Each structure stands twice: as C-alpha cells, then as structure tokens.
Amino acid sequence: MAILKAGTRLKSAVCSTEIMVVAAPKDEVELTCGGAAVIELGADAPAGGSVADDAKEGTQIGKRYTNEAGDLEVLCTKPGEGSLAVGGTTLTIKGAKPLPSSD
C-alpha cells in the first residue's frame, strides 16, 4: 500500500502497462496491474512474474481509469495485457463528459 500523488508515473510488474496518476485519494491505496502491485517507472520489474488469470482484461492507451468512489484516476500511457485494480476491485474506463446542448 502506498500514498499516491498526482503526476506519479508507475508501471506494471508483470506486463507492459505504464500509467500516470491524474488524481489520488489522501489515504493509502493498493494499486495493482495484472494481479501484482505496480512499481515506480524507473524500477526493475521482478523476474518471473506473470499476469494473473483473473486480471487479464488489459489496458488501453490514452484511456483514463477510475475507481467507484471517483477519488482515484489514472491515465494509461502504454497499453498492456493486465487489468488495473484497487483493493481487488477492477478500475473502469472513465467516460467522456457530455457536452452541453447548443439549443
């Protein structure tokens, strides 16, 4: 578990996913990708890791992922085969805000 800050760049320890934190809660969170905890972008990934069977939904470049509470938001900067989760709950792709009507 770690306290995340906006602007922090992280990567998956088991796939090619890279993310950047856009918004983070003040509390500690357990952010995982592919079933393993994410690591700092410059850190070396542990050898022999693989994506967990229940975490193979993948990530899409340029998409923002958020939790149910809406207090954590990350941007995918490099796609991978592992899915993002916090505390075992999978993050969902954040939808676009609807534009105001021009009537």
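Being a predicted model, the structure only gives us computed values, none of them experimental.

Chemist: It is not clear to me how the pairing of strand 2 (residues 18-23) should be interpreted in this structure. Could you clarify?
Modeler: If a strand is regular, its side chains alternate between the two faces of the sheet. The sheet contact formed by strand 1 (residues 9-11) and strand 2 spans three bridges and is antiparallel. Of the residues in strand 2, the one forming a bridge with Leu10 is Ile19. Once strand 1 ends, the chain turns through six residues before running back antiparallel as strand 2. Sheet topology places strand 2 next to strand 7 (residues 73-78); five bridges connect them, and they run antiparallel. From the neighbouring strand, Ala23 faces strand 7, where its bridge partner is Glu73.

Chemist: What exactly am I supposed to notice about the sheet that holds strand 1 here?
Modeler: Hydrogen bonds between backbone atoms are what pair the strands of a sheet, whose relative direction is either parallel or antiparallel. Strands sit in the order 5-1-2-7-6-10 across an open sheet of six strands; the sheet is antiparallel. At either margin of the open sheet sits one strand with a lone partner, and together these are strand 5 (39-40) and strand 10 (92-93). As paired elements, strand 1 and strand 5 share two bridges and run antiparallel to each other. Counterpart to Lys11 in the pairing with strand 5 is Ile39.

Chemist: Mind showing me how you'd approach the sheet that holds strand 3 (residues 31-33) here?
Modeler: Strand order in the open sheet made by the four strands is 4-3-8-9, with antiparallel pairing throughout. Each of the sheet's edge strands pairs with one partner strand only, and the pair in question is strand 4 (36-37) and strand 9 (89-90).

Chemist: I'm lost on the nonpolar core in this one. Help?
Modeler: Soluble globular proteins tend to pack their nonpolar side chains together in the buried interior. One finds Leu4, Leu10, Leu31, Leu72, Val74, Leu84 and Leu91 to be the most contacted residues of the largest nonpolar core, which totals 18 residues. The set of elements that each furnish at least two residues to this core consists of strand 2, strand 3, strand 7 and strand 8 (84-86). Leave out the neighbours within four places in its chain, and Val74 touches Ile19, Met20, Val21, Val22, Leu31, Lys63, Arg64, Tyr65, Leu84 and Leu91.

Criteria and cut-off values
- Residues numbered from 1 in each chain as written.
- Predicted model: local features only at pLDDT ≥ 70, side-chain atom pairs only at ≥ 80, totals over all residues.
- Heavy atoms only, no water.
- Pairing = 2+ DSSP bridges.
- Helix = DSSP H or I, 4+ residues; strand = E, 2+ residues; numbered from the N terminus.
- Core = buried A, V, L, I, M, F, W, Y, C linked by side-chain atoms within 4.5 Å.
- Buried < 20%, exposed > 50% of the residue type's maximum accessible area, 1.4 Å probe, protein only.
- Contact = heavy atoms within 4.5 Å.

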